[in-house]
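Working through the structure, step by step
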Amino acid sequence: MPTRFVTIQNKVYQFDYDYKNTDFRREALNRMTKETWGFSFERWYQNGFWPDSCVPYSLFDLQKMVSHVTATIFTFALEGKTLKALQLGTVMTDPDYRGRGLSRWLIDRVLEDFEQQVDFVFLYANDSVLDFYPKFGFKRAPEFFAVAEQTDKDRIAANKADVRKLDVTQQQDQQILMRIASQTTAQYRMTPLQNQSMLFLYGGFSELSFLKDCMYYLPEIDTIAVASVKEDALTLYDVLSPQKAPLDLVISSLAQPGTKRAELHFLPDNLDNFSTLPLKEEDSTLFMRKSNLFHVKQLCLPVTSHT
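Read on for an overview of the structure. Please read all numbers here as calculations on a predicted model, not as lab measurements.

**Comments concerning the overall build of the protein**
Counting secondary structure elements, the protein contains eight helices and 16 strands. Taken along the three principal axes of its C-alpha coordinates, the protein extends 70 × 45 × 35 Å. By residue count, 53% of the 307 residues in the protein fall in the buried class. For the protein, the proportion of contacts with a sequence separation of at least 24, taken over those separated by at least 6, is 69%. When the accessible surface of the protein is split by element, carbon and sulfur atoms take 47% of a total near 14500 Å².

Okay, structure coming up:
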């Protein structure tokens, strides 16, 4: 049942939130995300990976979902401290209901419920709404990634660990992924902690499985690297391990004979032998509220902490 009825611009809507276990509400959300973004959360939910920290907020016109925002709480490690953050994601409004202030109403509710509990609020906006979020006090925030040129071939050849690609359709590999994801510690600047649900969202347990074929296990150091190797470049998206993993060894172990460049879509604690460049993702801009952290430090949020 809806939490309550609300009136927005002289029209009554049903407002509901935190309803992931209510089948008909979840079905309405899946239907709208499928129509808007081309995916559904259902497999993720049925696999048991939708966490309590991921809270849907929605408005309905009768039984039809007409506007939605997802609020997700993250914990990040930065320089020995832990930070709480709120991310707004899957912001969407039915085309027939746009311009009525529905997204604004939902975002205000989410901020009212969570903002005092976190250190900062963030979201990723596509190019069509870059002028929308500043109305809520959000400001664009820069991100940086690290680059290493692989020029010392002898050193790379001498410093390698065994690497095995994980097949998350196999139970043994699923168990490795789940164990390490639940035990991982801070590996770089702004490491997401206890973030296995997002990793599973993108790693083979939902329709958003673009990282499914990017999981590599290094058994000697009990580490998972989320990476892709294309042509002459190695792209490293994330590193997970119960202990601090030797980043040079991870890179050299994944490097192929033709690899000339390693791109890290996060910032290592130690930037020796790395250069940093602004990260510019197509149709995706980071916005932040309540903090200028990304303006005073070079930082990056890994893709496994995007919703």
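**Section: empty space enclosed by the protein**
Unfilled space is identified by rolling a water-sized probe across the atoms. For the structure on display, the rule yields one cavity of 30 Å³ or more. Taken as a whole, the largest cavity spans an internal volume of roughly 80 Å³. At the level of secondary structure, the elements contributing two or more residues to the lining of the largest cavity comprise strand S10 (191-193), helix H6 (196-202) and strand S13 (233-240). Residues that form the lining of the largest cavity fall into these classes: six nonpolar, five polar and one charged.

**Regarding the sheet that holds strand S8 (residues 144-149)**
Reading across the sheet, the seven strands line up as S9-S11-S12-S13-S14-S8-S15 and stay open at both edges, with mixed pairing between neighbours. Looking at the sheet topology across the chains shown, the edges are occupied by strand S9 (164-165) and strand S15 (275-278). Strand direction decides the pairing type here: strand S12 (residues 223-230) and S13, joined by seven bridges, are antiparallel. Note that in S13 the partner of Lys230 across the bridge is Ala233. Its contacts with the sheet put helix H7 (residues 247-254) on strand S11 (215-218), S12, S13 and strand S14 (261-264), and the angle it makes with S13 is roughly 135°.

**Quick word on helix H5 (residues 171-183)**
For H5, spanning 13 residues, the distance from its first C-alpha to its last is 18 Å, which sits close to the expected 18 Å at 1.5 Å a residue. For H5, the set of buried residues is Asp173, Ile176, Leu177, Ile180 and Ala181. All buried residues of H5 fall inside an arc of 120° around its axis, so they share one side. Within H5, the exposed residues directed more than 90 degrees away from the buried face are Gln171 and Gln172. Against the buried residues of H5 lie S9, H6, S11, S12 and S13.

**Considering the layout of surface pockets**
Estimated volume of the second largest pocket: approximately 210 Å³. In this structure, the second largest pocket is lined by Tyr124, Ala141, Pro142, Glu143, Phe144, Pro278, Leu279, Lys280, Glu281, Ser284, Thr285 and Leu286. Looking at side-chain class alone, the lining of the second largest pocket contains seven nonpolar, two polar and three charged residues.

**Re the pairing of S12**
Buried residues dominate S12, accounting for six of its eight residues. Here four bridges tie S11 to S12, and the two strands are oriented antiparallel to one another. Counterpart to Leu218 in the pairing with S12 is Thr223. As consecutive antiparallel partners, S11 and S12 are separated by four residues, and within that stretch Asp222 has a phi angle of approximately 45°, a positive value. Remark: two residues form the turn of the hairpin made by S12 and S13, two consecutive strands paired antiparallel; Glu231 in that turn has positive phi of roughly 55°.

**Overview of the side chain of Thr93**
Note on placement: Thr93 falls in strand S5 (residues 81-93). Within the local environment of Thr93, its side chain forms a polar contact with the side chain of Ser103, the two groups lying 2.8 Å apart. With sequence-adjacent residues up to four places away left out, Thr93 is seen in contact with Met32, Val66, Ser67, Arg98, Leu102 and Ser103.

**Some words on unusual backbone geometry**
Although it is not a glycine, Thr90 adopts a positive phi angle of roughly 40°. Note that Thr90 resides in strand S5. In this structure, Lys290 is a non-glycine residue whose phi angle is positive, near 80°. With respect to the helices, strands and loops of the structure, Lys290 is situated in the loop between strand S16 (285-289) and helix H8 (293-296).

Criteria and thresholds
Residues numbered from 1 in each chain as written. Predicted model: local features only at pLDDT ≥ 70, side-chain atom pairs only at ≥ 80, totals over all residues. Heavy atoms only, no water. Helix = DSSP H or I, 4+ residues; strand = E, 2+ residues; numbered from the N terminus. Buried < 20%, exposed > 50% of the residue type's maximum accessible area, 1.4 Å probe, protein only. Contact = heavy atoms within 4.5 Å. Areas by Shrake-Rupley, 256 points an atom, 1.4 Å probe, with all protein chains shown as cover. 1 Å grid on protein atoms, 1.4 Å probe; cavity = no way out; pocket = protein on both sides within 12 Å on 5 of 7 lines; lining within 4 Å. Points joined across faces, edges and corners; volume = space filled by probe spheres on them. Nonpolar A, V, L, I, M, F, W, Y, C, P; charged D, E, K, R; others polar. Pairing = 2+ DSSP bridges. Axes fitted to C-alpha atoms, helices over the stretch in contact; angles between N-to-C directions. Expected span 1.5 Å × (residues − 1). Arc of directions from axis to C-beta. Polar contact = N/O pair within 3.5 Å; in protein donor to acceptor, adjacent residues only side chain to side chain.

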